[in-house]
Amino acid sequence: NTGEAKQPARGSRLPLAFWGSSITTGVGVSRAGLTYPAQIGRALDIETINLGMPGVCSMERAIAELLVKVEASAFVVDCFPNMTPAMLADILKDS
């Protein structure tokens, strides 16, 4: 069911998922534990899923359709460093 979000089981503790670009991936950090998703996970005592993709995060519909299949308690979407105001306006206009 493309585009249909899965509902988490009641009472479960699903991970927090992050979708973003190189900053989310951790480009420039010396080890994976220093990425901001990992640090937030430790601070909140929750598992995280880092779906960072360097240079490939401009709110693409195809990626969004894949993300709805990820079982997560919430998503943190950090696409804006790779987008211009015009790109965002086009996406919002089409949705």
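Up top you'll find the structure we're talking about.
This section reports on the structure supplied with the text. What you are looking at is a predicted structure, and each value in this text was computed from that prediction instead of being measured.

## So, the pattern of salt bridges
For side chains bearing opposite charge, pairing can occur when the charged atoms are close.
For step 1, the next point in the chain: Inspection of the entire model under this criterion finds one salt bridge.
For step 2, the next point in the chain: Salt-bridge contacts for lysine 93 lead to aspartate 90; the nearest nitrogen and oxygen are separated by 3.6 Å. Pair noted here: lysine 93 and aspartate 90 are both in helix α4 (residues 85-94), with a separation of three residues, about one helical turn.
For step 3, the next point in the chain: Exposure remark for lysine 93: the relative accessible area of 61% places this residue in the exposed category.

## Remarks on the side chain of threonine 24
For step 1, the next point in the chain: Looking at the element boundaries, threonine 24 is found in helix α1 (residues 22-25).
For step 2, the next point in the chain: Residue threonine 24 is classed as buried on the basis of its relative accessible area, which comes to 0%.
For step 3, the next point in the chain: Leaving out residues up to four positions away in the same chain, threonine 24 has contacts with Phe18, Trp19, Thr35, Tyr36, Pro37, Asn50, Gly52 and Asp78.

## What about the packing of aromatic side chains?
For step 1, the next point in the chain: Enumeration over the complete set of coordinates arrives at one aromatic pair.
For step 2, the next point in the chain: Seen from their ring centres, phenylalanine 18 and tyrosine 36 are 5.7 Å apart, and the 85° between their planes marks the pair as edge-to-face. Within this pair, whereas phenylalanine 18 is found in strand β1 (residues 16-20), its partner tyrosine 36 is found in helix α2 (residues 36-44), the two being separated by 18 residues in sequence.
For step 3, the next point in the chain: Among the residues examined, phenylalanine 18 registers a relative accessible area of 0% and is labelled buried.
For step 4, the next point in the chain: The class of tyrosine 36 is partly exposed, set by a relative accessible area of 25%.

## A word on the pairing of β1
For step 1, the next point in the chain: By the criterion of burial, β1 is predominantly enclosed, with five of the five residues buried.
For step 2, the next point in the chain: Burial of β1 is two-sided: the residues Leu16, Phe18 and Gly20 facing one way and the residues Ala17 and Trp19 facing the other way are all buried.
For step 3, the next point in the chain: The sheet contact formed by β1 and strand β2 (residues 48-50) spans three bridges and is parallel. The residue of β2 that forms the bridge with alanine 17 is isoleucine 49.
For step 4, the next point in the chain: Where β1 and strand β3 (residues 74-78) come together, five bridges link them in parallel fashion. If you follow glycine 20 over to β3, its bridge partner there is aspartate 78.

## Thoughts on the sheet that holds β1
For step 1, the next point in the chain: Here we have three strands laid out as an open sheet, ordered β2-β1-β3, and parallel in their pairing. Only two strands of the sheet have a single partner each, and these edge strands are β2 and β3. Taken over all neighbouring pairs, the strand axes of this sheet differ in orientation by 20° on average, direction set aside.

## Remarks on the environment of threonine 48
For step 1, the next point in the chain: Position of threonine 48 among the secondary structure elements: in strand β2.
For step 2, the next point in the chain: The spacing of threonine 48 and alanine 74 is 26 residues in sequence and 10.0 Å in space, taken between C-alpha atoms.
For step 3, the next point in the chain: Not counting the four nearest positions on each side in its chain, threonine 48 is found in contact with Pro15, Leu16, Phe18, Pro37, Ala38 and Gly41.

Rules used throughout
- Residues numbered from 1 in each chain as written.
- Predicted model: local features only at pLDDT ≥ 70, side-chain atom pairs only at ≥ 80, totals over all residues.
- Heavy atoms only, no water.
- Salt bridge = Lys/Arg side-chain N within 4 Å of Asp/Glu carboxyl O.
- Helix = DSSP H or I, 4+ residues; strand = E, 2+ residues; numbered from the N terminus.
- Buried < 20%, exposed > 50% of the residue type's maximum accessible area, 1.4 Å probe, protein only.
- Contact = heavy atoms within 4.5 Å.
- Phe/Tyr/Trp six-rings, centres within 6.5 Å; stacked < 30°, edge-to-face > 60°.
- Pairing = 2+ DSSP bridges.
- Axes fitted to C-alpha atoms, helices over the stretch in contact; angles between N-to-C directions.

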